[in-house]
There are 2 protein chains.
Amino acid sequence: MRERGFNGFSYANVAAELGVTSATVHYHFPAKAELGEALITRDTERFADALATIHAGAPGTQAKLAAFAGLYADRLNARGVCLCAVLVAEYETLSEPMRRAIDRLFTDSEEWLATVLQQGREDGSLCFEASPRDVAGTIIGGLLGAMLLARSNDDVNRFRSAASLLLATVAG
Amino acid sequence: MRERGFNGFSYANVAAELGVTSATVHYHFPAKAELGEALITRDTERFADALATIHAGAPGTQAKLAAFAGLYADRLNARGVCLCAVLVAEYETLSEPMRRAIDRLFTDSEEWLATVLQQGREDGSLCFEASPRDVAGTIIGGLLGAMLLARSNDDVNRFRSAASLLLATVAG
DNA sequence: GTCTATAGGCAGATAGAC
DNA sequence: GTCTATCTGCCTATAGAC
């Protein structure tokens, strides 16, 4: 799904990669939209766990932001990008449950990021004028776009470069 | 294609919207990849024309940048985003000619934007530290991501807000 | 240029044996 | 839980009449 999008893969593809038949995949996920939903939910949980770890572990807001961008970098390689980046592009073709799952993934990350931004501005480690919410949305959107461009250019450095420029806009 | 992506629409969809049969669409575009390529090429030409107009008409670099972002806003409504945003997400599933056409669309806009940025920095109307190329890529990626998020949130203001924040990062 | 008709394939999905 | 076999439907694409 991260590689070819929701409309770009089939049960047969998944089955072949697992070395089973497509009927087997249907046994676990009767409908394709359920499979898609489950994948988003799993990623949402993993992402939330990672955010909690960052919150507990990373020393300052700057480090937190870098670690946040790192989560996206982890999901980027030569073929695949993060789930949200592919799926939001296919948004109009997806089932309501899948849309809601994607929305949740975005609002969760945006809220987390907005909170960190606000704290950073209060303790003086960050500096920006717009609302934390707007800045968070801009940064997340920037990371998504950068991932997609990095893949089509087959150059992960494009992502790193964009991520550091985006984070620099709020540096104190 | 802007609404549902390349893998999300069919000849039947296009035919129905035009009030013809799918055979008629095949007469003009025998293969689907050719149809996709033609649509990208057409958009590339329109985009290039618009960029030339901006270059000739917009008074200063700040105005040029705002007009550039406006081109993306023109391509955003409640259901559709710009071609590049949808297609780059499906990149792995597309034909080589389609990929090349998308790459061209990106490099064209990035070059134009990088040139404006450089001129702005030289005449003092803009201010940024990284290379014009990197900044251009970051802004374009940011606009793409913002378009996708604006659509899924059904809120065009999210795009406007992100666009103005992105452009503010290079304001003199 | 547009139509009807249809080919051939693959998609998502199910039934039933093991 | 996994398999083989199969259904149904839509997909891309083509042939040939008008």
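Refer to the structure printed above.
Predicted model only: the values in this text are computed from it and were never measured.

Considerations on the protein's contact with DNA strand C
As a matter of local geometry, DNA strand C sits amid 14 residues, with A:His26, A:Lys32, B:Thr21, B:Thr24 and B:His28 nearest to it. Within 4 Å of the protein, the atoms of DNA strand C are drawn from sugar and phosphate moieties in a proportion of 69%. With respect to DNA strand C, the side chain of A:His26 contributes an N or O atom lying 3.0 Å from a base nitrogen. Within the backbone of A:Lys32, a nitrogen or oxygen atom sits 2.7 Å from a phosphate oxygen of DNA strand C. Classifying every residue of the surface near DNA strand C by side-chain character gives 8 nonpolar, 5 polar and 1 charged.

Digging into the interface of chain A and chain B
With 39 residues of chain A in contact, the opposing surface of chain B contributes 39 residues. The largest share of the area that chain A buries against chain B comes from A:Ala89, A:Glu92 and A:Leu149, three residues that together contribute 19% of it. If you look at where chain A meets chain B, you find 4 salt bridges. Between A:Arg158 and B:Glu110 there is a salt bridge, and its shortest N-O distance comes to 2.6 Å. Linking chain A with chain B are 8 residue pairs in polar contact (both at pLDDT 80 or more). Those elements that provide at least two residues to the side of chain A that touches chain B are helix H5 (83-89), helix H6 (96-122), helix H7 (132-152) and helix H8 (156-168) of chain A. With 15 residues, H7(A) is the single largest residue contributor to the side of chain A that touches chain B.

Remarks on empty space enclosed by the protein
All names here are of chain B. Per the stated rule, a full pass over the model turns up 3 cavities of 30 Å³ or more. Quantified by volume, the largest cavity comes out at close to 60 Å³. If you trace the largest cavity, you find it lined by Asp43, Phe47, Tyr72, Arg75, Cys82, Cys84, Leu105, Phe106 and Ser109. Within the residue set of the lining of the largest cavity, elements represented by two or more residues are helix H3 (32-57) and helix H6 (96-122). The biggest single contributor to the lining of the largest cavity is H6, with 3 residues. When grouped by side-chain class, the residues that make up the lining of the largest cavity number 6 nonpolar, 1 polar and 2 charged.

What counts and what doesn't
- Residues numbered from 1 in each chain as written.
- Chains lettered and ligands numbered in written order.
- Predicted model: local features only at pLDDT ≥ 70, side-chain atom pairs only at ≥ 80, totals over all residues.
- Heavy atoms only, no water.
- Near = heavy atom within 4 Å.
- Polar contact = N/O pair within 3.5 Å; in protein donor to acceptor, adjacent residues only side chain to side chain.
- Nonpolar A, V, L, I, M, F, W, Y, C, P; charged D, E, K, R; others polar.
- Contact = heavy atoms within 4.5 Å.
- Buried area = accessible area lost by both parts, 1.4 Å probe.
- Salt bridge = Lys/Arg side-chain N within 4 Å of Asp/Glu carboxyl O.
- Helix = DSSP H or I, 4+ residues; strand = E, 2+ residues; numbered from the N terminus.
- 1 Å grid on protein atoms, 1.4 Å probe; cavity = no way out; pocket = protein on both sides within 12 Å on 5 of 7 lines; lining within 4 Å.
- Points joined across faces, edges and corners; volume = space filled by probe spheres on them.

Everything listed here is a matter of coordinates, which is why it stays silent on function.
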